[in-house]
Amino acid sequence: MTRHSVQTQPVDGQKPGTSGLRKKTRVFMGAHYLENYVQSIFDGIGGVEGKTLVVGGDGRFFNDRAIQVILRMAEANGAAACIVGQNGILSTPAASHLIRKRGTDGGLILSASHNPGGEDEDFGLKYNGPNGGPANEGVTDKIFARTKTIDQYHILDAQDVDLGAIGTSTLGAMTVEIVDPVADYADLMEQLFDFDAIRALFASGFRMRFDAMHAVTGPYATAILEGKLGAAKGTVVNGTPLPDFGGGHPDPNPIWAKDLMDAMFAQDAPDFGAASDGDGDRNMIVGRSQYVTPSDSLAVLAALAHLAPAYSKGLAGVARSMPTSGAVDRVAAAKGIECFETPTGWKFFGNLLDAGRATLCGEESAGTGSDHVREKDGLWAVLLWLNILAVTRKSVKELMNDHWAEYGRNYYSRHDYEDVDAGAAATMMDGLRAQFGTLVGKTFGPLTVSSADEFAYDDPVDGSHSAGQGIRIGFSSGGRVVFRLSGTGTVGATVRVYLEELETDPARMDQDAQEALAPIIAAAEEIAGIRAHTGRTAPNVIT
Ligand code: G16
């Protein structure tokens, strides 16, 4: 086995987005592309000499090939050891846990999350630091800077490592440890939640459907729900991870998890439904005939987390991304705990979690998590819901109605315009910025604008400043609209329009969300000119 230093030159567009670098799989498969990025990560974090890294991914097409390259490059860069999930599999939260539990120097997670997988679809790679969380902007800036100057990478000339065989071997001078991807994670869940209570719930005849969407949570959900908690066989559907996710779009929302929605709104619907995404960090919660928005889910979990053993002493604080609804703010206010509003991206929660300022965090994009790891965690959210259902023995519908009666209801919806011309999207955003000075006081139907600005964040822990994090327009009704460009798309621009209206009248808690939001939707169009700019008459995806 010999080590090589390969001469290379920078390639364009290796700027990590909201969650690492995401590109078409064929781009990652192109000459030197993956190698350049891996070397840039290694260089950007100050080298990996003597370090131990966790490596794993969501099993999508190219996952296994890319891991072989990463292992050979880690060796050639002097890494001491890599801990790899069996067959290259690790859900994002399981990777985060492993990094923390084993005290490693971080890890490389291969995933494009909820984006489709396959040779013609998407691939991604990100670095998580020793705290188990996504690298902060200071680190990703260094990685990006290196992609622009890179002139060589180092790689070992060697045979493939057998990723299927659990145990320890060596690759050159580096130790490679292949671990069961589920075991440590399942143990952690058992420490956090009352498994006896959940077991009793299932034993009482409670029925559940968990749609793993042919993505990474299948083995985790099967082992925990069916294996440890006694849910009936067949509770987990689409439970085998496939390189192309069965041709589906592993994004747990009512559009892409339509089969689950149909099952939950059918006559013989189970009591509880849930789904997770490509890499297992997102979740969707749905009761019998009751969809729960991610923003509402965060609020309910914040209100009732104390029913689970790990959170029985209450929460230090909560945090949500700016476009997430204010439902959780109302819970925090009632409980007298701090509530933080951060930019979109899980990395912004890291400091708050590390500092013990926030215990629970969540985002409208179907991510919820706590300080047990430093990533959002789909199955964790499902288990916390199960723990709450087991203790209260209420239905999801009853829990939601109780919640809205107590705290008010934040009607919420997100309208996405995907693959829009990037220039047109930027022009639309500039057009909004140009109106900041004149919007306040203007009326749109029944609504009066009360504020208009672009969100910027000063991290309360390290003082770092993040600007340009989404345009928000508030209305005196308590409603608002937020405009933001996605940081995770791989083609063109995706315009996200986040719509929210607060309802505190108990007689008006049962409306259809799109109807309740109709005045805000109309105002958003009038202010931004979405149709004219995007050339679209309607959003591609409404969640
Ligand atoms: C990633 C981040 C999330 C963030 C989401 C936003 O999700 O991890 O924290 O909310 O991106 O996506 P966008 O920029 O497209 O709105 P994931 O699940 O793709 O890793």
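Here the structure is a predicted model, which means the values were calculated and not measured.

Notes on the domain arrangement of the protein
At step 1: By domain assignment, the protein separates into domain 1 (2–180), domain 2 (185–407) and domain 3 (409–542).
At step 2: Distance between the C-alpha centres of domain 1 and domain 3: 36 Å.
At step 3: Listed by partner, the interface residues are nine residues for domain 1 and six residues for domain 3.
At step 4: For the pair domain 1 and domain 3, the summed buried surface comes to about 560 Å²; carbon and sulfur atoms form 44% of the total.
At step 5: Here domain 1 and domain 3 share zero salt bridges between them.
At step 6: A per-element tally of the side of domain 1 that touches domain 3 places strand β2 (residues 21–24) first, with three residues.
At step 7: Grouping the constituent residues of the side of domain 1 that touches domain 3 by class yields no nonpolar, four polar and five charged.

Let's talk about the sheet that holds strand β17 (residues 360–363)
Picture the strands of a sheet paired through backbone hydrogen bonds; they go either parallel or antiparallel.
At step 1: In space, the four strands of this open sheet follow the order β16-β15-β17-β18, with mixed pairing throughout. Two strands bound the open sheet, and with one partner strand each, they are β16 (338–342) and β18 (367–370). Adjacent strand axes in the sheet meet at a mean angle of 15° when their direction is disregarded.
At step 2: Of the strand pairs in this sheet, β17 and β18 are connected by four bridges, and their pairing is antiparallel. By the bridge assignment for β18, C361 is matched with G369.

A look at helix α13 (residues 378–392)
At step 1: With 15 residues, α13 should cover 21 Å at 1.5 Å per step; its first-to-last C-alpha distance of 21 Å lies within 8% of that length.
At step 2: Buried residues dominate α13, accounting for 13 of its 15 residues.
At step 3: The backbone nitrogen of L379 has a side-chain oxygen 3.4 Å away, supplied by the residue at the start of α13, namely D377.
At step 4: One or two steps after α13, the chain reaches R393, where phi turns positive at roughly 55°.

Comments concerning the site of the ligand
At step 1: Taken together, 18 residues form the shell around the ligand, and within it E363, S486, G487, T488 and R496 come nearest.
At step 2: Take S113: an N or O atom from its side chain is 2.7 Å from an oxygen atom of the ligand.
At step 3: Burial of the ligand by the protein chains amounts to 99% of its free accessible area of 460 Å².
At step 4: Considered class by class, the residues forming the shell around the ligand number one nonpolar, 10 polar and seven charged.

Let's talk about helix α3 (residues 63–76)
At step 1: Between the first and last C-alpha of α3 there are 20 Å, a value that for 14 residues agrees with the 20 Å anticipated at 1.5 Å per step.
At step 2: By the criterion of burial, α3 is predominantly enclosed, with 12 of the 14 residues buried.
At step 3: Listing the buried residues of α3 in full gives N63, A66, I67, Q68, V69, I70, L71, R72, M73, A74, E75 and A76.
At step 4: Directly beyond the C-terminal end of α3, a positive phi value near 90° is found at G78.

Comments concerning the pairing of β16
At step 1: Pairing analysis gives five bridges linking strand β15 (residues 317–321) to β16, with the strands arranged parallel. Opposite R320, over in β16, you have E341 as the bridge partner.
At step 2: Crossover handedness for the path β15 to helix α11 (residues 327–335) to β16: right-handed.

Comments concerning the sheet that holds strand β20 (residues 443–444)
At step 1: Read from one edge to the other, the open sheet built from seven strands follows the order β20-β21-β24-β25-β26-β19-β27, with strand pairing classed as antiparallel. At either end of the open sheet lies a strand with only one pairing partner, and these are β20 and β27 (541–542).
At step 2: As judged from the two bridges shared by strand β19 (residues 409–420) and β27, these two strands associate in the antiparallel manner. Pairing of D416 across the sheet is with V541, part of β27.
At step 3: Relative to strand β26 (residues 493–503), helix α18 (residues 518–528) is tilted by about 140°, and along the sheet it contacts β19, β20, β21 (447–454), β24 (471–475), β25 (480–485) and β26.

Things to note about the packing of helix α2 (residues 33–44) against α3
To describe two helices that pack against each other, one gives the angle between their axes and the distance between the axes.
At step 1: In the contact formed by α2 and α3, the axes pass within 10 Å of each other and the chain directions differ by 45°. When the axes of α2 and α3 are compared, the pair comes out oblique. Pair α2 / α3 crosses with right-handed handedness. The residues of α3 that touch α2, namely those facing L34, E35, V38, Q39 and F42, are A66, V69, I70, M73 and A74.
At step 2: Taken together, the residues of the contact of α2 with α3 sort by class into eight nonpolar, one polar and one charged.

Let's talk about the pattern of salt bridges
At step 1: The tally for this structure, following the rule as stated, stands at 36 salt bridges.
At step 2: A salt bridge links R320 to D329, with the nearest nitrogen and oxygen atoms 2.6 Å apart.
At step 3: The exposure class of D329 is partly exposed, given its relative accessible area of 26%.
At step 4: Through salt bridges that share partners, R320, D329, E341, D453, R472, R480 and E500 make up one connected network.

Definitions and cut-offs
- Numbering of residues begins from 1 in every chain and follows the order in which that chain's sequence is written.
- Two thresholds apply to this predicted model, a pLDDT of at least 70 for residue-level local features and 80 or more for giving and counting side-chain atom pairs, whereas whole-chain, interface and lining totals are computed over all residues.
- To obtain the side-chain values, all non-hydrogen atoms of the structure were used and water was disregarded.
- Residue ranges labeled as domains rest on an automatic or database domain assignment.
- We call two residues in contact when some of their heavy atoms are within 4.5 Å.
- The term buried area means the drop in 1.4 Å probe accessible area that two parts suffer when joined, counted for both and summed.
- When a carboxyl oxygen of Asp or Glu is within 4 Å of a side-chain nitrogen of Lys or Arg, the pair counts as a salt bridge.
- Only DSSP runs of H or I reaching four residues or more are called helices, and only runs of E reaching two or more are called strands; each is numbered from the N terminus.
- Gly falls in the polar group here, along with every residue not listed as nonpolar (Ala, Val, Leu, Ile, Met, Phe, Trp, Tyr, Cys, Pro) or charged (Asp, Glu, Lys, Arg).
- If DSSP finds at least two bridges between two strands, the strands pair.
- Axis definition: a line fitted to C-alpha atoms, over the contacting stretch in the case of helices. Angles run 0 to 180 degrees between N-to-C directions.
- Expected helix span is computed as 1.5 Å times (number of residues minus one).
- Burial classes: relative accessible area under 20% of the type maximum marks a residue as buried, over 50% as exposed, and values in between as partly exposed (1.4 Å probe, protein chains only).
- Between N or O atoms, a polar contact is any pair within 3.5 Å; within protein, one atom must be a potential hydrogen donor and the other a potential acceptor, and residues adjacent in sequence are included only when both atoms are from side chains.
- Proximity is defined per residue: if any heavy atom of the residue lies within 4 Å of a molecule or strand, that residue is considered near it.
- Throughout, the Shrake-Rupley method with a 1.4 Å probe supplies accessible areas, and for residues the shown protein chains are the sole cover considered.
- Convention used here: a crossover is right-handed provided that the path from the first strand, over the helix, to the second strand proceeds clockwise when the strands point away from the viewer.
- Note on terminology: angles under 35 degrees are roughly parallel, angles over 145 are roughly antiparallel, angles of 65 to 115 are roughly perpendicular, and the others are oblique.
- The hand of a helix crossing depends on one turn: near helix anticlockwise from the far one by less than a right angle means left-handed, and clockwise means right-handed.

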